[in-house]
Amino acid sequence: MRLITRGDLDGLTCAVFITSVERVSSIELTHPQELTDRKFPVEPGDIIANLPYHPNAGLWFDHHELTDSNPQPPPEGFKGSYGRARSAARLVHDYYEEIKGKGFFAKHAELLDGTDRLDSALLTERDVLNPERVILLGFTLDSRSGLGGFRDYFLFLGMALRSMTLDEVLESDPVKERVAKMRADDAAFRDALLANSKALGNVVVTDFRHVDVIPTGNRFLIHTLFPECTISVRLQWGPQRKVVMATAGHNIFDRSSWSNIGHTMSLFGGGGHRGAGSAPLPADDGDAKLRELIKELQAQG
Ligand SMILES: [Mn+2]
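Residues numbered from 1 in each chain as written. Predicted model: local features only at pLDDT ≥ 70, side-chain atom pairs only at ≥ 80, totals over all residues. Heavy atoms only, no water.

## Remarks on the coordination of the manganese ion
Then, in step 1: Coordination of the manganese ion by the protein comes from Asp10 (OD), Asn50 (OD1), His63 (NE2) and Asp119 (OD), over a distance range of 2.2 to 2.4 Å.
Then, in step 2: Summarised as a motif, the one-chain spacing of the donors to the manganese ion is D-x39-N-x12-H-x55-D. One end of the pair, Asp10, is in helix 1 (residues 9-21); the other, Asp119, is in helix 4 (residues 109-119), and 109 residues separate them in sequence. (Donors = N, O, S within 2.8 Å, 3.2 Å for Na, K, Ca; no water. Helix = DSSP H or I, 4+ residues; strand = E, 2+ residues; numbered from the N terminus.)

## Thoughts on the pattern of salt bridges
Then, in step 1: Per the stated rule, a full pass over the model turns up 14 salt bridges.
Then, in step 2: Asp37 is paired through a salt bridge with Lys39; the nearest N and O atoms lie 4.0 Å apart.
Then, in step 3: A residue is classified by how much of its surface remains accessible, and Asp37, at 36% relative accessible area, is partly exposed.
Then, in step 4: Note on Lys39: relative accessible area 58%, which makes it exposed.
Then, in step 5: Linking Arg133 and Asp167 is a salt bridge whose minimum nitrogen-to-oxygen distance equals 3.2 Å. Taken together, the residues Arg133 in helix 6 (residues 133-140) and Asp167 in helix 8 (residues 166-170) connect sequence positions 34 residues apart.
Then, in step 6: A single network of salt bridges, built from pairs that share partners, joins Arg2, Glu43 and Asp46. (Salt bridge = Lys/Arg side-chain N within 4 Å of Asp/Glu carboxyl O. Buried < 20%, exposed > 50% of the residue type's maximum accessible area, 1.4 Å probe, protein only.)

## Let's talk about the nonpolar core
Then, in step 1: Core analysis: the biggest nonpolar cluster contains 54 residues, and Ile18, Phe61, Tyr96, Leu123, Leu137, Leu157 and Leu161 have the highest contact counts within it.
Then, in step 2: It is helix 1 that contributes the most residues to this core, 7 residues altogether.
Then, in step 3: In terms of domain composition, this core takes at least three residues from each of domain 1 (2-171) and domain 2 (192-300).
Then, in step 4: Other than its neighbours up to four places away in sequence, Phe61 contacts Ile18, Ile47, Ile48, Ala49, Asn50, Leu51, Gly80, Ser81, Ala88, Val92, Tyr95 and Tyr96.
Then, in step 5: In terms of nonpolar packing, the next biggest core, distinct from the first, is built from 17 residues, Ile231, Leu235, Ala246 and Ala248 among them. (Core = buried A, V, L, I, M, F, W, Y, C linked by side-chain atoms within 4.5 Å. Domains from an automatic or database assignment. Contact = heavy atoms within 4.5 Å.)

## Details of the domain arrangement of the chain
Then, in step 1: Partitioning the chain into domains gives domain 1 (2-171) and domain 2 (192-300).
Then, in step 2: Summarising the inter-unit geometry, the C-alpha centres of domain 1 and domain 2 are found 27 Å apart.
Then, in step 3: Across the contact, 15 residues belong to domain 1 and 13 residues belong to domain 2.
Then, in step 4: The contact between domain 1 and domain 2 buries some 1,300 Å² in all, and 57% of this surface belongs to carbon and sulfur atoms.
Then, in step 5: Here domain 1 is connected to domain 2 by 0 salt bridges.
Then, in step 6: For the interface between domain 1 and domain 2, the tally reads 0 residue pairs in polar contact (both at pLDDT 80 or more).
Then, in step 7: Per element, the largest residue contribution to the side of domain 1 that touches domain 2 is 3 residues, and it comes from helix 5 (residues 125-129).
Then, in step 8: Within the side of domain 1 that touches domain 2, the residues separate by chemical class into 6 nonpolar, 4 polar and 5 charged. (Buried area = accessible area lost by both parts, 1.4 Å probe. Polar contact = N/O pair within 3.5 Å; in protein donor to acceptor, adjacent residues only side chain to side chain. Nonpolar A, V, L, I, M, F, W, Y, C, P; charged D, E, K, R; others polar.)

## Quick word on the packing of helix 1 against helix 4
Then, in step 1: Across the interface, helix 1 lies against helix 4 with an axial gap of 9 Å and an inter-helix angle of 150°. When the interaxial angle is binned, helix 1 and helix 4 end up roughly antiparallel. In this structure, helix 1 crosses over helix 4, and the sense of that crossing is left-handed. Judged by residue contacts, Leu9, Asp10, Thr13, Val16 and Phe17 of helix 1 engage Leu111, Leu112, Gly114, Thr115, Leu118 and Asp119 from helix 4.
Then, in step 2: Among the residues forming the contact of helix 1 with helix 4, the class breakdown is 6 nonpolar, 3 polar and 2 charged. (Axes fitted to C-alpha atoms, helices over the stretch in contact; angles between N-to-C directions. Parallel < 35°, antiparallel > 145°, perpendicular 65-115°, else oblique. Left-handed = near helix turned anticlockwise from the far one by under 90°.)

Dropping the structure here:
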């Protein structure tokens, strides 16, 4: 059977655990939306991890984030594990340790701990400005790293983490190459953020609509640059410039905001969860809707 997962650190750690136990013929990477829209073909018996449920799945593992205020009930009678957890990998870990015995994945304790922290954004400023070890590894898996061969890199890490120590994996050439590229990207991204962001009360707005090639970088960086803002909003053009995509998130270093961003975004035709969300705004209304959105986010604090 195949394993279908997400191309992030949580998906990777799930893959390390699952391929240690199950006979997996291939690993496929996809996005949640592709599964919910039934665009990704799932074969009967496939294992799905860190992605939404699909009726063809033979085994399914997914978690709702600790911040999710509106969990959907799981379908009855599925095989696997679903519930509140910091990562899907944590559920996979607990599921198989139940079968194989406590300590079966002891070798991967640091990997699992880092996966929990990154997947639930329980990070310190230091994790963002100077990431190390598992958190650093996780950032090299952000889809932004436009180095090509992403799937190859993911599969390499899956194998390497099973056969090598974490220290050896961190010292391997593919990881070191990605880390170097990431550090260079982050420097350029930081400059672009500073040049295009403005604090409007508690909301920092980054407007990338006038930037031709939007640089990529650590998505939490903005909160280290504007620590006094509890919410960040980023604007960029949607496909064919038909809409302005607004994405918003809480400041993960200052968890004082009680607002539900996903709910606010749903008032503007978008969605998300408590900590982050996005909405498409009209491209031709002179930013009227945008001003309304910012006002709403300011009011909610
Ligand atoms: Mn996850």
